[in-house]
Every structure is written in structure tokens, then in C-alpha cells.
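So you can see what is in the structure, the chains are spelled out below.
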Amino acid sequence: MKKNKVAFPSPPAWMVTAAFALALALTPTCAQGAYLELIYTGVFNTQNSLNPASQVSPSPFTAATPFTINAFFNTSSPNLAPPSPPTPPPFAGFRAYAPSLATITIGGKLYTIDTITTNPTAGITVALFDQNSFTPGHYAVGILQQPPQDGAGIIGDFLGASPDFTAAAIGPTVFTGYYGVGYGSGVCIQGTGANCTMNAITPLVLHDAASNAFSLTLGNYDEDYPALHDPGVLIVGPLNSAALVAVPEPGTLPLAGLSLTALLGIALLRRNQTASR
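Just so it is clear, the structure is predicted and the values come from calculations on it, not from any experiment.

Asks: In this structure, what is going on with the state of the cysteines? I would like to understand it.
Replies: Covalently bonding the sulfur atom of one cysteine to the sulfur atom of another cysteine gives a disulfide. Tallied over the entire structure, the rule returns one disulfide. A disulfide bridge connects Cys188 with Cys196, and the sulfur atoms are separated by 2.2 Å. Its S-S torsion of approximately 110° makes the covalent link between Cys188 and Cys196 right-handed. The exposure class of Cys188 is partly exposed, given its relative accessible area of 30%.

Asks: What am I meant to see in unusual backbone geometry here?
Replies: Excluding glycine, residues mostly carry a negative phi; peptide bonds, for their part, are mostly trans. Across the junction of Ser162 and Pro163, the peptide omega takes the value -5°, indicating a cis bond. Looking at the element boundaries, Pro163 is found in the loop between strand 9 (153-162) and strand 10 (173-184). Of note, Ser211 is a non-glycine position whose phi angle comes to about 70°, a positive value. Topologically, Ser211 is positioned in the loop between strand 13 (204-207) and strand 14 (213-217).

Asks: Help me understand the pattern of salt bridges in this model?
Replies: Pairs can form between side chains of opposite charge once their charged atoms are near each other. Counted under the stated rule, the structure contains one salt bridge. For Asp208, the salt bridge identified is with Lys109, shortest N-O distance 3.8 Å. Residue Asp208 is located in the loop between strand 13 and strand 14, and its partner Lys109 is located in strand 6 (residues 109-113); the two are separated by 99 residues in the primary sequence. What makes Asp208 buried here is its relative accessible area of 12%.

What counts, and where the lines are drawn
- Residues numbered from 1 in each chain as written.
- Predicted model: local features only at pLDDT ≥ 70, side-chain atom pairs only at ≥ 80, totals over all residues.
- Heavy atoms only, no water.
- Disulfide = S-S within 2.5 Å.
- Buried < 20%, exposed > 50% of the residue type's maximum accessible area, 1.4 Å probe, protein only.
- Helix = DSSP H or I, 4+ residues; strand = E, 2+ residues; numbered from the N terminus.
- Salt bridge = Lys/Arg side-chain N within 4 Å of Asp/Glu carboxyl O.

Set out below in C-alpha cells:
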């Protein structure tokens, strides 16, 4: 018996055009720079607090509380750190980028963090220091508000980076030899530099899945582990870790899904047409 032919419509022209346009748009180019994810883990102590934004007086953490920061940024975006020169070191090896997305997991709960793009005063940047800045010979990485004024933030100090990098050429990196961390509540309002005697308190603004606002208030303190110079000394306590990981830009993922869906649809239509002949 001869099988009846079923006529399937050809793929619409708009689908073909859209699929290939999306595929082309998703092809990486050198002009896009490096798209990276900062993964930073640490532990909050009783000098830090997380409270609903409506709460006037912060209530500090009562015990050591682990956190993980995930921040996505592109090295081709504008550097928000002060230029050097004319600004003297340490800014020569300092870069600050506005993340497209930043989250923090605190005690197992996920929050988004306001970025400097949407919140210029309290929003964060991804701050990177090569071995020519910060403490000479060391590397540093973390999050920071208002980079020119040195606002609130968390900056980890590391003895090494693998592979080595400079601020002018940042790529996937694992920071090694944790040396300590500095926490700051806000810009200096009395004194200057290392002699600052009073800082503003500008909490980081967080949001949970239900869009509730929270304030993450940081204390002013430095954690230092100079014993790391001596490999025979055992360090007891929570150690931070940090890495820059190459990732696709989060904003391209929906486009990638749409492109793949369109291409799949074209392939299925053509296969059905062939099978019906």
C-alpha cells in the first residue's frame, strides 16, 4: 500500500533568520574581554550582622557563620578604581568592576547583593589587586563599595595566585596562601588611610527570593596570619578561599536556550518532511 504523503510547512523565514542571528550573537569575540565569576568563601564573626533593612539597630551574628560570594563580571567593562597615575600606588595594580550579578549565601540562605550599577552608594564592585599593589608581593580580591573612597567591603589577602596575573591581564585564577582578610564598614570620615579613626557605616543591601530587603553590616577589623611564612606553624581557624572562574555571561543563557530551541524546531520540521515523502 502506498503511504499518503503529508505536507509539512517549510520553516518560517523568521525562525531561520532568528536562529542564525542568535547563534552568531552568542559566538565569543576578543572584544568581549574575559567573563569571570568570583567565588569567595569566608566566615562572618560577631563583628558583622545581617538584619531586615527596617531594623534600626543591627544584631551581630552570635556565632561563626559561613558565607560564599558569587559575582559575575566582565574585564572589558569600565574600571571603577582610581586611575594611576596620577593617583599613587596601590592603585596602579587595582581594578574594580561592576558585576552583572552578585549573590551571597549566608548560613545556607541565598541573597542577591545590590551592585554599584543600581546602587552607587551601597552597591558593590569586584575588587582585584595584583602583586604590585595592596601589600607589595601579595594579591588581594573581594567586594568593595565606592572604590575611589574605599567604602565598605571584604578584601582577602593572599600570598600567591595561580597562574600569576597583573591587573592589566586578568583571567581565571586560584588565589593561594591565605594571609588574612580586611573588613570595612564604610568610607573614612575622620583621619586618613591607615590612620583613619572613624568610618561611616554603609551596609551592603541584600534581597531574598521574596524580594525582602536586608542589611549586611560589616565591622572594621583585620585578620592576619603572618605564621603562613613558616610552614611548620599550624593555623587553627576558618580560612578564606577565592578563585576567578571563566563562565558564560549569565545574560546569554536565555538567548542560548532560545537559539537552541529554534534550531531544534527547524531540524524536527525538516526531518518530518523527509520522513513523510
